[in-house]
Amino acid sequence: MTTVLDHPTSAPGNSAMKRPLIERLNVFTAFGLGIISAIVFWYLARTFLPENTEGSFIKTRLDAVTIIAMLGWFFGFMTGIGALIGPFRWLLGKDLDHDESMFYAGKDQGIKRYFRYTTDHKVVGIQYLVITIIIFFVGGTLAMLIRMNLGHAGGGWLQPQTYNAIVGTHGIVMIVGTIIMITGPFGNFIMPIMIGARDMAFPRLNALSFWLIVAAIPPMLSSFFFGGISTGWSAYAPLASQAPPGMDGYIMFIVIFAISTMVAGANITTTVVKMRAKGMTWNRTPIFIYGVVASVALALPVFPLFFLSQVMSAMDRAVGSTFYDVRGGGSGWLYENLFWIMGHPEVYVILIPAVAALMEMAPVFTRRPLFSFNTAIMGIAGISGLSILVWAHHMYVTGWAPLLNGPFMLTTELISIPTGMLFLVLIGTLWRGRLWMTMPTASIYALLWNFMIGGITGIYLSDVPVDGALHGSMFVTAHFHYTLMGAGLTGALASLVFWFPKMTGRMFDRRLSWIAFWLVQIGFNVAFIGMFLVGLAGQPRRVDAYAALFNQGNSVTTMAAYSIMAGMLVLLYGVISSWTNGAIAPMNPWFAKTLDWTVPNPVPLENFEVLPVVTSDPYGYGKAQS
Amino acid sequence: MSVETHALANPHHEHPDVVGSRNRLGAILILVADITFALGVLFVYFYLKGQNVNGMWLPAASDSQSATTPVSSSGAWALALVAAIGLLAHRFALMGARAKNQAQLALGSLLALLISLVGLIYQGMQISSASFTVTMGAYASCYYLIAGLNFMHFAFTVFISLGNWNRSRLGLYSADHWHVTIVEIWWVWMTLSSVLGAFALSFT
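Calculation criteria
- Residues numbered from 1 in each chain as written.
- Chains lettered and ligands numbered in written order.
- Predicted model: local features only at pLDDT ≥ 70, side-chain atom pairs only at ≥ 80, totals over all residues.
- Heavy atoms only, no water.
- Helix = DSSP H or I, 4+ residues; strand = E, 2+ residues; numbered from the N terminus.
- Buried < 20%, exposed > 50% of the residue type's maximum accessible area, 1.4 Å probe, protein only.
- Contact = heavy atoms within 4.5 Å.
- Rg over C-alpha atoms; globule rule 2.2 N^0.38 Å.
- Areas by Shrake-Rupley, 256 points an atom, 1.4 Å probe, with all protein chains shown as cover.
- Lys, Arg positive; Asp, Glu negative; His and termini not counted.
- Charge placed at Lys NZ, Arg CZ, Asp CG, Glu CD.
- Axes fitted to C-alpha atoms, helices over the stretch in contact; angles between N-to-C directions.
- Parallel < 35°, antiparallel > 145°, perpendicular 65-115°, else oblique.
- Left-handed = near helix turned anticlockwise from the far one by under 90°.
- Patch = residues over 30% accessible without salt bridge, like charges linked within 9 Å, V, L, I, M, F, W, Y side chains within 5 Å.
- Salt bridge = Lys/Arg side-chain N within 4 Å of Asp/Glu carboxyl O.
- Buried area = accessible area lost by both parts, 1.4 Å probe.
- Polar contact = N/O pair within 3.5 Å; in protein donor to acceptor, adjacent residues only side chain to side chain.
- Expected span 1.5 Å × (residues − 1).
- Core = buried A, V, L, I, M, F, W, Y, C linked by side-chain atoms within 4.5 Å.
- pLDDT = per-residue confidence, 0-100.
- Phe/Tyr/Trp six-rings, centres within 6.5 Å; stacked < 30°, edge-to-face > 60°.
- Lys NZ or Arg CZ within 6 Å of the ring centre and 35° of its normal.

Chemist: Which residues make up the overall build of chain B, and what values do they have?
Modeler: On a plain count of helices and strands, chain B comes out with five helices and one strand. Overall size of chain B, expressed as C-alpha extent along the three principal axes, is 80 × 50 × 20 Å. Looking at chain B as a whole, 50% of its 204 residues qualify as buried. Sequence-distant contacts in chain B: of pairs separated by 6 or more residues, those separated by 24 or more amount to 77%.

The structure is reproduced here in structure tokens:
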């Protein structure tokens, strides 16, 4: 995608030394300064921290040194990318002038703007898209390692500790990838245009939220070199307190990612509340916007608790506090509560924007208005509200507050009502529509199928007696893959194909999109129905070896996983080939009615020459004067 | 979606009130995250206090270490008072900004900065003079968590108070003062969080 002309920012003859600081900082200076800073912090920590002696405030010196080195990386990276320039310029009273703001926006920088602390929401959207693809590539590779290991009964070629580390890393990497897969690329690139804004409310915070994620990834991946994340993605204490230093990478990853999520949540919510085009009342605001706002607004109050849980985990590991250590008055249940108060809303942080994106596409491809817009709003609001009242259904078998099992079962089962509303809206929109059968259209059907299975098995698991039998089994693993991948990822892939023309100026290869769709959907359903069956038969999750009676189901799942992998590789090839050589996209290839399709390709720097005034709702298909 | 386009008089420069309103909402939303974090800390404190697992909320003396004696909450309340005085000083500055009185604005901002520095140093002294280490039971762990959070809050307050005073001194708030209003929102929350911390530490 090119939105502005490429030409050098400095006048000919200017030496690099004369360029202001903000023009010299980029991803390379960030990595350089991050690495140097990590080494310096590591050296200082090793030199000056006391040994683990009686009375020392350091409990585990290795963990303390590791955490300090990672903090050094973090501060060095953020300094090197230029994140601190804005705050310190504010402090000094030297606010950015117009030219500097334009530089930050990436004006006239060509491809270089993707490697800088660029504030233009379209650049940030593309950056998010690329980082999401990288995250899925890493998480997908780990998933294939898991499935290869589970291809044989009795254990495969991985050591149990290595297997556990791969499972834990796969889990948290994929969770983060799915959290950002819609709100990151499409929430940033499409959402401001869709509401008729020139940019996000806080462009510098927008860049900050992206680069925080980049800063979080190296600590996470470094954990492989320090014993890995052997606890699964939930990192339960006190298991996590006893894990090798790789756990520190997980902690740092979550702490930084939580900050990114909070910043993004405040930014996106403010943008939608304050910057919608004139005439865009709440009834005229596209449903996708509701989905994005519900997602980030839900994340805003719950991720700080995840952050807190990891701060305390770090303190337990490094300085010997006893938040989770029963010997010192701590409690493992404390961790579980803090984790799941975040952990269950997080499922809907992932799902809501994916479903909303498909609800946005349904009217376009059926040429019908969205069926019962208000029901869709109520569904999203109902899910968001109930999702913060269900967390303890993850803890039925832990022994924490058994008297609360009944109420939590009730709230969890209640959530199927607003979820059913979203199904109703999608089915109502498809009903008797004149379908334009594209990959996003098929994805709506796939979502209905997958989410139905994921949702119904979720009702089973919310039932206390059934959960007692199935908890910790592969049935649970299959259930949440049906929701997060079968519903969430399906919506994200459809979004990619749908908004690809606006983001890149080129059409996504239609044939490749269909091939990828069928390989992924068939492989997915075969793989995870097989997993349901072995789970029902009693195969535990997070175990590298299993009894021979589970062999057949696991073989089927592993073979089907290769189909998913093939589909995702086809999709990746489709992204690269379409981006570089795809057909030039017209301004509005889908003949959609939202504002994002009223701006030209490539989208100008400030989106609109003059701000639009909205005079009708976005789903007036088949109506005169719409 | 039907769309009309109307050229604005100056589409690239928004009115300061519009910018201020947007920034105020953004600041409040970011505060929501910090408020949740602080409430989470209080939850941890009262949860572990209520559980008193193995009687280790406040461990009794043993052969290897002395008993954990809780700190007096008066220090925490004193800190809350410092924060409240800082808030009043900043409020004085804001009133000056609203009245276009640059001298009052600069004086109030300077006072707020100095008070935040006092609070930071005082909190640091309290942490370093506690009679127990972080390893000595759940209360000790929670105390350092609450005090640490308050320390971070004061440190951030010093940063923004310094910026606020410097910008006041340079006359940057002569045209509009929504920055000062947003800094006040922070001061209000910072004071409230200090009160909440002191409240929690009053229950040992």
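Chemist: I'd like a rundown of the overall build of chain A, residues and numbers included.
Modeler: Across its full length, chain A carries 22 helices and one strand. A compact globule built from 626 residues should have a C-alpha radius of gyration of about 25 Å, and chain A, at 25 Å, falls within 12% of that. Oriented by its inertia axes, the alpha-carbon framework of chain A measures out at about 70 × 65 × 45 Å. Relative to its 626 residues, chain A shows a buried fraction of 64%. Look at the contacts in chain A between residues 6 or more apart in sequence, and 81% of them connect residues 24 or more apart. A total accessible area of about 23000 Å² is found for chain A, and carbon and sulfur atoms account for 70% of it. Of the side-chain charges in chain A, 34 are positive and 27 negative, and the distance between the mean point of each set is 9 Å.

Chemist: Which residues make up the packing of helix α14 (residues 332-366) of chain A against helix α20 (residues 474-504) of chain A, and what are the values?
Modeler: Residues and elements named next belong to chain A. Between α14 and α20, the shortest axis-to-axis distance is 8 Å and the interhelical angle comes to 45 degrees. In terms of orientation, α14 lies oblique with respect to α20. The interaxial crossing formed by α14 with α20 has left-handed handedness. Where α14 approaches α20, its residues Val347, Ile350, Leu351, Ala354, Ala357, Leu358, Glu360, Met361, Val364 and Phe365 are matched on the opposing element by Thr483, Leu484, Ala487, Gly488, Gly491, Ala494, Ser495, Phe498 and Trp499.

Chemist: Give me a nonpolar patch on the surface: which residues, what numbers.
Modeler: Residues and elements named next belong to chain A. Among the surface-exposed residues, Phe31, Ile35, Ile36, Ile39, Val40, Phe41, Trp42, Tyr43, Leu44, Phe48, Leu71 and Phe75 lie close enough to one another that they form a single nonpolar patch of about 1200 Å² accessible area. Those elements giving two or more residues to the nonpolar patch turn out to be α2 (27-48) and α3 (61-81). Element by element, the count of residues in the nonpolar patch is highest for α2, at 10 residues. Looking at isoleucine 39, the relative accessible area reads 51%, which means it is exposed.

Chemist: So what's going on with helix α4 (residues 85-92) of chain A? Residues and values would help.
Modeler: Considered for burial, the residues of α4(A) that qualify are A:Ile85, A:Gly86, A:Arg89, A:Trp90 and A:Leu91. In this fold, the buried residues of α4(A) make contact with α1 (21-24), α5 (98-104) and α10 (203-222) of chain A together with α4 (138-169) and α5 (178-201) of chain B. Looking one or two places after α4(A), you find A:Gly93, whose phi comes out positive at around 75 degrees.

Chemist: Please give an account of the interface of chain B and chain A that cites residues and values.
Modeler: Facing 49 residues of chain B, the contacting portion of chain A comprises 61 residues. The contact between chain B and chain A buries some 4500 Å² in all, and 70% of this surface belongs to carbon and sulfur atoms. Summed over the shared surface of chain B and chain A, the number is one salt bridge. Of the charged contacts, one joins B:Arg167 and A:Asp95 as a salt bridge, the two residues approaching to 2.7 Å between their closest N and O atoms. Counting across the interface, chain B meets chain A through 11 residue pairs in polar contact (both at pLDDT 80 or more). For the side of chain B that touches chain A, the elements supplying multiple residues, two or more each, are β1 (3-5), α1 (16-51) and α4 of chain B. For the side of chain B that touches chain A, the element with the highest residue contribution is α1(B), accounting for 18 residues.

Chemist: Account for the pattern of salt bridges, with residues named and values stated.
Modeler: Residues and elements named next belong to chain A. Enumeration according to the criterion identifies seven salt bridges over all chains in this entry. Of the charged contacts, one joins arginine 317 and aspartate 248 as a salt bridge, the two residues approaching to 2.8 Å between their closest N and O atoms. Taken together, the positions of arginine 317 in helix α13 (residues 287-318) and aspartate 248 in helix α12 (residues 246-275) put the pair 69 residues apart, joining distant regions of the chain. The exposure class of aspartate 248 is buried, given its relative accessible area of 0%. Where aspartate 325 meets arginine 327, a salt bridge forms, and the shortest distance between an N and an O atom there is 2.7 Å.

Chemist: Give a description of helix α2 (residues 73-98) of chain B that names residues and reports values.
Modeler: With 26 residues, α2(B) extends 37 Å between its outermost C-alpha atoms, agreeing within 8% with the 38 Å of an ideal straight helix rising 1.5 Å per residue. B:Lys100 lies just past α2(B) and shows a positive phi near 60 degrees.

Chemist: Give a description of the nonpolar core that names residues and reports values.
Modeler: Formed by 267 residues in total, the largest nonpolar core has its most connected members in A:Met78, A:Trp211, A:Tyr250, A:Met359 and A:Trp499. Among residues more than four places away in sequence, those in contact with A:Tyr250 are A:Ile172, A:Met220, A:Ile229, A:Trp233, A:Ser234, A:Ala235, A:Phe306, A:Gln310, A:Tyr335 and A:Phe339.

Chemist: Account for the confidence of the model for chain A, naming residues and giving values.
Modeler: In the predicted model, chain A carries a mean pLDDT of 93, and the fraction of residues at 70 or more is 95%. The weakest mean pLDDT in chain A belongs to α1(A) at 87; the strongest belongs to helix α9 (residues 191-194) of chain A at 98.

Chemist: Explain the environment of A:Arg511 to me, using residue names and the numbers behind them.
Modeler: Residue and element names in this part refer to chain A. Along the chain, the position of arginine 511 falls in helix α21 (residues 510-536). For arginine 511, a relative accessible area of 58% translates into the label exposed. Taking the C-alpha atoms as reference points, arginine 511 and methionine 439, 72 residues apart in sequence, are found 9.3 Å from one another.

Chemist: With reference to specific residues and values, describe the packing of aromatic side chains.
Modeler: Residue and element names in this part refer to chain A. Using the criterion set out here, one finds 58 aromatic pairs over all chains in the structure. When the centroid spacing of 6.4 Å and the interplanar angle of 15 degrees are considered together, the rings of phenylalanine 253 and phenylalanine 257 count as stacked. Here phenylalanine 257 and phenylalanine 253 lie together in helix α12, a separation of four residues that amounts to about one turn. Measuring from centroid to centroid gives 5.7 Å for phenylalanine 365 and phenylalanine 498, while their planes differ by 75 degrees, and the two rings are edge-to-face. Placement of phenylalanine 365 in helix α14 and of phenylalanine 498 in helix α20 is noted, with a sequence separation of 133 residues between them. The same class applies to phenylalanine 365 as to phenylalanine 498, namely buried. Three or more aromatic residues link up through ring pairs in this structure, and these residues are Trp233, Tyr236, Phe253, Phe257, Phe303, Phe306, Tyr324, Tyr335, Phe339 and Trp340. In this structure, arginine 276 packs its charged tip against the face of tryptophan 282, placed 3.7 Å from the ring centre.

Chemist: Give me the lowdown on the packing of helix α6 (residues 121-149) of chain A against helix α7 (residues 160-183) of chain A, citing residues and values where you can.
Modeler: Residues and elements named next belong to chain A. For the pair α6 and α7, interaxial distance at closest approach is 8 Å and the crossing angle is 150 degrees. Judged by the inter-axis angle, α6 sits roughly antiparallel to α7. Two packed elements cross with a definite hand, and for α6 against α7 that hand is left-handed. In contact with Tyr128, Ile131, Thr132, Ile135, Phe136, Gly139, Gly140, Leu142, Ala143, Leu145, Ile146 and Asn149 of α6, α7 contributes Tyr163, Ile166, Val167, Thr169, His170, Val173, Met174, Val176, Gly177, Thr178, Ile180 and Met181.

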